[in-house]
Structure formats: structure tokens, C-alpha cells
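Residues per chain, in single letters:
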Amino acid sequence: MLQGQEEILLSLIQGVKGKAWAIDREGWDINYDNGVCFWEGIQCDTDQETVIGINLPSSELSLTLPTTLGLLTTLRQISLPQNIIHGTIPAEIAAL
């Protein structure tokens, strides 16, 4: 099953703490009206439709990087300093 950018990005939101984190952030909801390019911490290409970056420094996010991020083939940057990242970087992401 193909996933859209929204679903792929929402795979970063994990568990009860992840859901609580998303409540306090602009966008980060599949039903957000303005589209994924207007979500907090998301950068898009000039077309304002294609995700090219995730930039969420010091945002109190705790997660394991999901392999599904590798499906965002246009992704050029992931910046998550000052957050809690568990595990290793999946090969699917490293190959981007």
C-alpha cells in the first residue's frame, strides 16, 4: 500500500507521548487543512507540495526513526538535535 507524505511523517509520532507531542504542534494531523508543507518543522520544495526536510530541534520529541521515512525519496535533510532518538538509523533512511 502506498503511503502519502502525511502518513509517512506521522510515523514519527509514536505512542502516548508522541500523540501528546503532536497536539502542541502546528499541523501534525492527517486532517490538517493547510497540507503537510505547513506543518511545524517541515520544509518543502518551491512547489510547496514536496517534503524535502524535517527540522525539529529541541522539540522534546522521543522516537525511534521509522523505516517508512525512507519512502520520502525527496527528503534531503533530517535535523533532530536535542531530542531523544532511540535505536539506529535505518538503512532505508541512510540510503536517501
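This is a predicted model, so every value here is computed, not measured.

J.: For this particular structure, what's the right way to read the overall build of the protein chain?
T.: Scanning the protein chain for helices and strands turns up 3 helices and 5 strands. Over its C-alpha atoms the protein chain spans a radius of gyration of 12 Å, differing by no more than 12% from the 12 Å that the globule rule assigns to 96 residues. Taking the principal axes of the C-alpha coordinates as reference, the protein chain spans close to 30 × 30 × 25 Å. Split into buried and exposed, the 96 residues of the protein chain put 36% on the buried side. Put simply, 45% of the contacts in the protein chain that link residues at least 6 apart link residues at least 24 apart. Accessible surface, the protein chain as shown: approximately 5900 Å² in total, 53% of it carbon and sulfur. Averaging the positions of the 4 positive and the 12 negative side-chain charges in the protein chain gives two centres separated by 11 Å.

J.: What's the story with the packing of aromatic side chains in this structure? I'm lost.
T.: Given two aromatic rings, their pairing is described by the distance between the two centres and the angle made by the two planes. According to the stated counting rule, one finds 2 aromatic pairs in the structure shown. Centroid distance tryptophan 21 to tryptophan 28: 5.2 Å. Interplanar angle 75°. Geometry classified as edge-to-face. Accessibility classification places tryptophan 21 together with tryptophan 28 in one group, the buried group. For the pair tryptophan 28 and tryptophan 39, a centre-to-centre distance of 5.0 Å together with 45° between the ring planes defines the contact as tilted.

J.: Sorry, what's going on with the pairing of strand β2 (residues 51-55) here?
T.: Across a regular strand the side chains alternate sides, sitting on one face of the sheet and then on the other. For strand β1 (residues 42-44) and β2, the ladder comprises 3 bridges, and the chain directions are antiparallel. If you follow glutamine 43 over to β2, its bridge partner there is glycine 53. Count of turn residues in the β1/β2 antiparallel hairpin: 6 residues, of which glutamine 48 carries a positive phi of about 55°. By the bridge criterion, 3 bridges tie β2 to strand β4 (residues 77-79) in an arrangement that is parallel. Bridging from a neighbouring strand, isoleucine 54 pairs with isoleucine 78 of β4.

Analysis parameters
Residues numbered from 1 in each chain as written. Predicted model: local features only at pLDDT ≥ 70, side-chain atom pairs only at ≥ 80, totals over all residues. Heavy atoms only, no water. Helix = DSSP H or I, 4+ residues; strand = E, 2+ residues; numbered from the N terminus. Rg over C-alpha atoms; globule rule 2.2 N^0.38 Å. Buried < 20%, exposed > 50% of the residue type's maximum accessible area, 1.4 Å probe, protein only. Contact = heavy atoms within 4.5 Å. Areas by Shrake-Rupley, 256 points an atom, 1.4 Å probe, with all protein chains shown as cover. Lys, Arg positive; Asp, Glu negative; His and termini not counted. Charge placed at Lys NZ, Arg CZ, Asp CG, Glu CD. Phe/Tyr/Trp six-rings, centres within 6.5 Å; stacked < 30°, edge-to-face > 60°. Pairing = 2+ DSSP bridges.

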